[in-house]
Amino acid sequence: MTKPPEDTTDQRSTQISEPTGSDISSPSKSSAKTKNQLGTFGGVFTPTILTILGVILFMRSNFVIGEAGIFSAIIILCLAKSITFLTSLSISAIATNMQVRGGGSYFLISRVLGPEFGGAIGMSLFAATALSVPFYIIGFIEALTLTLPQAGPWSLPISLFVAVSIAVVAFIGAQWAIKVQYVIMAILFAAISVFMIGNILNFSPDTFAQNWKAGYTLLDPKNLDGLKYTFWLVFAIYFPAVTGIDAGLNMSGDLKEPTKSLPKGTLLAILSGFLVYVVHILLAGGAYARADLINRPFELLVENAVFGMGFMVVAGVFAATLSSALGSILGAPRVLQALARDPILGILKPFAKGSEQGDEPQRALMFTAVITVIVLCWAYMGAGGDALNAIAAIITMFFLYTYGMINLAAFIEAFGRNPSFRPRFKLFHWVTALLGGLGCVFAAFLINPIAAVIAAVFIFGLISYLTNRQTEASFGDARRGFVYASARTRLLQLAEMEEDAKNWRPTLMVFSGNPNTRESLVSFAVWLSSGRGMVFMADILVGSVTELLTHRDTALKRLKDFCREKNIQAFPMVVVEENIEQGVYTVLQTAGSGLVKPNLAVFGWCDDQCNLQTFLRQLRLARQLDKSIVLVKSEKVPSTARHKTIHLWWRGKDNGNLMMILGHLLKDNWEWSNSRIQVLRAVEESAGVQPARESLQALIDDSRIDAQARVVVSDKPFQETLKQYSWRADCVFLGFGIPEEADGMTWYQGVQDLLEEMPSMILVNSAIEEDILN
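Residues numbered from 1 in each chain as written. Predicted model: local features only at pLDDT ≥ 70, side-chain atom pairs only at ≥ 80, totals over all residues. Heavy atoms only, no water.

### Remarks on the nonpolar core
One broad rule of soluble globular proteins: the nonpolar side chains tend to lie buried together.
Then step 1. Counting residues in each nonpolar core, the largest one holds 157 residues, and the members touching the most others are L53, F58, I137, I192, Y238, Y277 and F428.
Then step 2. Those residues in contact with L53 that lie beyond four places of it in its chain are L188, F189, I192, G273, V276, Y277 and A320. (Core = buried A, V, L, I, M, F, W, Y, C linked by side-chain atoms within 4.5 Å. Buried < 20%, exposed > 50% of the residue type's maximum accessible area, 1.4 Å probe, protein only. Contact = heavy atoms within 4.5 Å.)

### Considering the sheet that holds strand 12 (residues 707-713)
Then step 1. Ordered in space as 7-6-5-8-9-14-13-10-11-12, the ten strands form an open sheet in which the pairing is mixed. At either margin of the open sheet sits one strand with a lone partner, and together these are strand 7 (571-577) and strand 12. Ignoring which end each strand starts from, the neighbouring axes of this sheet average 25 degrees apart.
Then step 2. Note: strand 13 (residues 731-735) against strand 14 (residues 760-765), five bridges, orientation parallel. (Pairing = 2+ DSSP bridges. Helix = DSSP H or I, 4+ residues; strand = E, 2+ residues; numbered from the N terminus. Axes fitted to C-alpha atoms, helices over the stretch in contact; angles between N-to-C directions.)

### Examining the packing of helix 9 (residues 231-238) against helix 17 (residues 430-447)
Then step 1. Orientation of helix 9 relative to helix 17, taken along the N-to-C sense of each, is 105 degrees, at an axis distance of 9 Å. In terms of their interaxial angle, helix 9 and helix 17 are classed as roughly perpendicular. Facing helix 9, whose interface residues are W232, F235 and A236, helix 17 presents F442, A443, L446 and I447.
Then step 2. Its residues placed into classes, the contact of helix 9 with helix 17 shows seven nonpolar, no polar and no charged. (Parallel < 35°, antiparallel > 145°, perpendicular 65-115°, else oblique. Nonpolar A, V, L, I, M, F, W, Y, C, P; charged D, E, K, R; others polar.)

### Considering the pairing of strand 10 (residues 645-649)
Then step 1. Buried residues dominate strand 10, accounting for five of its five residues.
Then step 2. In this structure, strand 10 lies alongside strand 11 (residues 676-683), joined through five bridges in parallel fashion. Along strand 11, the bridge assignment pairs I646 with I677.
Then step 3. Direction of pairing for strand 10 relative to strand 13: parallel, over a ladder of three bridges. Opposite L648, over in strand 13, you have F733 as the bridge partner.

### Digging into a nonpolar patch on the surface
Then step 1. A cluster of nonpolar residues, F71, I75, L79, W212, W232 and F442, forms a patch on the protein surface that exposes about 540 Å² of accessible area.
Then step 2. Per element, the largest residue contribution to the nonpolar patch is three residues, and it comes from helix 3 (residues 61-95).
Then step 3. Locating W212 in the fold gives a position in the loop between helix 8 (205-210) and helix 9.
Then step 4. A relative accessible area of 34% places W212 in the partly exposed class. (Patch = residues over 30% accessible without salt bridge, like charges linked within 9 Å, V, L, I, M, F, W, Y side chains within 5 Å. Areas by Shrake-Rupley, 256 points an atom, 1.4 Å probe, with all protein chains shown as cover. Salt bridge = Lys/Arg side-chain N within 4 Å of Asp/Glu carboxyl O.)

### Here's the deal with the pattern of salt bridges
Then step 1. If you walk through the whole model with that rule in mind, you get 13 salt bridges.
Then step 2. The residue R111 makes a salt bridge to D342 at a minimum N-O spacing of 2.8 Å. Highlighted residues: R111 in helix 4 (residues 105-113) and D342 in the loop between helix 14 (310-341) and strand 3 (357-358), separated in sequence by 231 residues. The same class applies to R111 as to D342, namely buried.
Then step 3. With a shortest N-O distance of 3.3 Å, R558 and D539 are connected by a salt bridge. Pair noted here: R558 is in helix 21 (residues 549-565) and D539 is in strand 6 (residues 534-542), with a separation of 19 residues, a long-range link.
Then step 4. Look at D539 and you get buried, because its relative accessible area is 0%.

### Digging into empty space enclosed by the protein
Then step 1. Here the structure, examined in full by the defined rule, presents one cavity of 30 Å³ or more.
Then step 2. Considered as a void within the structure, the largest cavity measures approximately 50 Å³ in volume.
Then step 3. Around the largest cavity, the lining residues are A170, F171, I329, L330, P333, R334, E360, P361, Q362 and L365.
Then step 4. Looking at the lining of the largest cavity, the elements that each hand over two or more residues are helix 6 (155-172), helix 14 and helix 15 (362-381).
Then step 5. Considering every element that reaches the lining of the largest cavity, the biggest residue donor is helix 14, with four residues.
Then step 6. Classifying every residue of the lining of the largest cavity by side-chain character gives seven nonpolar, one polar and two charged. (1 Å grid on protein atoms, 1.4 Å probe; cavity = no way out; pocket = protein on both sides within 12 Å on 5 of 7 lines; lining within 4 Å. Points joined across faces, edges and corners; volume = space filled by probe spheres on them.)

### Regarding the packing of helix 22 (residues 580-590) against helix 23 (residues 612-624)
Then step 1. The N-to-C vectors of helix 22 and helix 23 enclose an angle of 25 degrees; their axes lie 9 Å apart at closest approach. Between helix 22 and helix 23, the angle falls in the class roughly parallel. As helix 22 packs across helix 23, the resulting crossing turns out to be right-handed. Here I580, E581, V584, Y585 and L588 of helix 22 lie close against helix 23, whose contacting residues are T614, R617, Q618, L621 and A622. (Left-handed = near helix turned anticlockwise from the far one by under 90°.)

### Here we look at the layout of surface pockets
Over the atoms rolls a probe the size of a water molecule, and in doing so it shows where empty space is left.
Then step 1. Estimated volume of the second largest pocket: approximately 1,500 Å³.
Then step 2. What lines the second largest pocket is a set of 47 residues, and nearest its centre among them are I56, Y136, P240, A392 and T396.
Then step 3. Of all elements in the fold, only helix 1 (40-52), helix 2 (55-59), helix 5 (115-147), helix 9, helix 10 (246-249), helix 14 and helix 16 (385-415) reach the threshold of two or more residues within the lining of the second largest pocket.
Then step 4. If one sorts the elements of the lining of the second largest pocket by residue count, helix 16 sits on top with eleven residues.
Then step 5. Of the residues that constitute the lining of the second largest pocket, the class distribution is 27 nonpolar, 17 polar and three charged.

### Some details on the environment of K627
Then step 1. Along the chain, K627 turns up in the loop between helix 23 and strand 9 (628-633).
Then step 2. Classification of K627 by relative accessible area gives buried; the value is 10%.
Then step 3. Each C-alpha atom, one on K627 and one on A601, is 6.2 Å from the other, the two residues being 26 residues apart in sequence.
Then step 4. In this structure, K627 is in contact with L588, P598, N599, A601, A622 and A767, ignoring residues within four places of it in sequence.
Then step 5. One polar contact links the side chain of K627 to the main-chain carbonyl oxygen of P598, over a distance of 2.7 Å. (Polar contact = N/O pair within 3.5 Å; in protein donor to acceptor, adjacent residues only side chain to side chain.)

The structure is reproduced here in structure tokens:
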């Protein structure tokens, strides 16, 4: 009901959608840069398998076998591996459904769950991966000092030398770093081979039988009455052995064919790692006594290595820690670079730049190296073991929640039945994604509940911050498809249910026009819905559709901006018609979907500048369409600072029942929660007070509404009675009837006299025949 708005550009941040076929994760001058072309083996399998076959295999695997026994150790391995295996299925499904670019897990999650979830996980993943670098180096130093105790006093200089060395390798480029990883992998597999052969040479069926079942020992051997290890405690110790799939995923931007390499490389690494661990469980369980497995897990491997090659086992531990550190210092900068290239946080923009050769994230790498040096200095110059353990636990949680988010993304895509979700990888179902996501959460709280809660709060805090910040990035994520599918199902279910008065809900169509000039009208409409129903906002442009299409888009954007700025939950719509009456008719007929259509038409009161006959025709059109009508006369939004009073003048059930419900819904808002409702009725003689009060009180009791009955005695015209008793109220409800065309001016003058010098007034005309109060 406004003039066509000027087609102006919003001065705030405008959403930028990712153009089809554009490389949002590449710099603007990507054409001048060469990209790495890594294959499946070097780019995905190698970094993933090197992280999976880590320190746990050498230092803790024998302990797990001794405590849990061979059978339970295999069950633990299968349970733990099932989580990462199911996650890898989700990775494969998402990766084969899109053009994958740099950023690994961040890229996959952000393009499915949106920039808020993706940004939160991306920042958490970068922090976890970057902090993993110094922790892997610390693990290397511990292994070194265990073998060479005289190196202990030189722990900090050695750790800094290692940090600088792997940073230089990564700075040269991914191609060279992968070649270094090949050397490390050769050392690692040689170490595994020599202790596996040693296991075979020491294998005994009797020992195998003795170690088949669990033999849990005391957590504290000195406390004979204390707690023992359990299946789930051992599971928590062993679970980090199966993680590491992010190492290959983080290299997504350096792969020649990421949609092919990511599924193949990840699944092959998981399968290979599983085979190595299960073979070790079977052989070690039959080779060594339970007490030695528990008390000397690493020493057994060194002492029983074939041909006395214990030094190769020690070299394997060094290789395991250094390969994990190198994988992390390669992955963390790539996550940060991908984050910086998306318009999520402007402060990260400097890290978007890549090198001319290979588009290497050198700035992000230097930042990661600085973090590594700072953490190492802190660890060796002042940090206690408890602080380091706490940070390590939270890092583990970040990785688990990243896996969980990947599963959530795949679940939403598949369960929402989005037509655009057509992955080439077919060994996937939404059930596998759901199980994988639940498994990640289960493992997180099993391993360390406190760290799990802290990490969850941190991630959801970031999501909330990015949501409130209204980031410019928009990736056409799959959440809308999931919500659409759910809404479709519920609407179809709703269509099968019979309508009943007891299930009545307010669905308001407020003819707001330009809402910036009628904020109080929109506010009352939202309050009257009270979160129980729906609010539609309409603006009607008068003119030709073909001539006003651009203005229509601008008007719709204005409505949406208003709702977002005022935090109003409403559905905006704009129609173009030749006249106002036809616009009202079109809006009331077409708004909504299925059974969810407006049942209340909300208009502002017709002031001196409006066309009375046009206004009355709008009201008659609404009634012809069986809509109840609400007229709002309010100059400004009432203050929320003081206690308020709501007056409902009872003059019969025709409009009274609806007024009672609307008054109750108004009070149900927090802005009106400190108000009281009074139901008033005027009688001419004092003899009628008691019967009228009893009747009102019975009505209030039956309607179960928190209100007070009040009967006033007055023989004055109702206009004077209303002003006498309600002029200090904050909101007054009155029923009204729609006049015949010939009586329009008389009716208008009478109502206008009622409204003058009064607070906010809500005039109600009900089209509801059923008793909605009961």
